Amino acid sequence: QVQFVESGGGLVQPGGSLRLSCAASGSDSTSYIMGWYRQAPGKQREFLATIRPGGITNYADSVKGRFTISRDNAKNTVYLQMNSLKPEDTAVYYCNARTLVVPYYDYWGQGTQVTVSS
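In this report, we go over the structure that sits alongside the text. Computed from a predicted structure; not experimentally measured. (Residues numbered from 1 in each chain as written. Predicted model: local features only at pLDDT ≥ 70, side-chain atom pairs only at ≥ 80, totals over all residues. Heavy atoms only, no water.)

In the segment running from valine 102 into proline 103, the intervening peptide bond is cis, with an omega of 0°. Within the secondary structure, proline 103 is located in the loop between strand 9 (91–99) and strand 10 (106–108). A positive phi is found at asparagine 76, a non-glycine position, where the angle reads about 50°. Among the secondary structure elements, asparagine 76 is positioned in the loop between strand 7 (67–72) and strand 8 (77–82). Residue class for asparagine 76 comes out partly exposed when judged on its relative accessible area of 22%. Despite not being glycine, serine 84 shows a phi value in the positive range, around 50°. (Helix = DSSP H or I, 4+ residues; strand = E, 2+ residues; numbered from the N terminus. Buried < 20%, exposed > 50% of the residue type's maximum accessible area, 1.4 Å probe, protein only.)

This is the structure we're talking about:
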């Protein structure tokens, strides 16, 4: 199984930046599509971005141009660089690993709080 250690969350002012990290253990990260999701109070979990082992990325429209997902396969770590943060970005952010083959399965990190407020 895959286990994660998430870090990088915190309090930031609107327009500021944060970089989230998610270090995976228990498996080779090249066996998974890595992603980031978030969940605000009272709302459903929201897709943000994914990155394939070869580097192909996919982003939600709400974060295109502001957030960048990347991965370091040698370190089994996925990152989310968040720029131009808005109060609407306030949420708990979760990293995700999805298997590449059937049966697909999702592994989730413990979550890290991001609060954007002046």
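There is more to say, and it comes next.
On to the environment of lysine 43. Mapped onto the elements, lysine 43 comes out in the loop between strand 4 (32–39) and strand 5 (46–51). A relative accessible area of 56% means that lysine 43 is categorised as exposed. Separated by 42 residues in the primary sequence, lysine 43 and leucine 85 place their C-alpha atoms 19 Å from one another.

Keep in mind that these numbers describe shape and distance, not what the molecule does.
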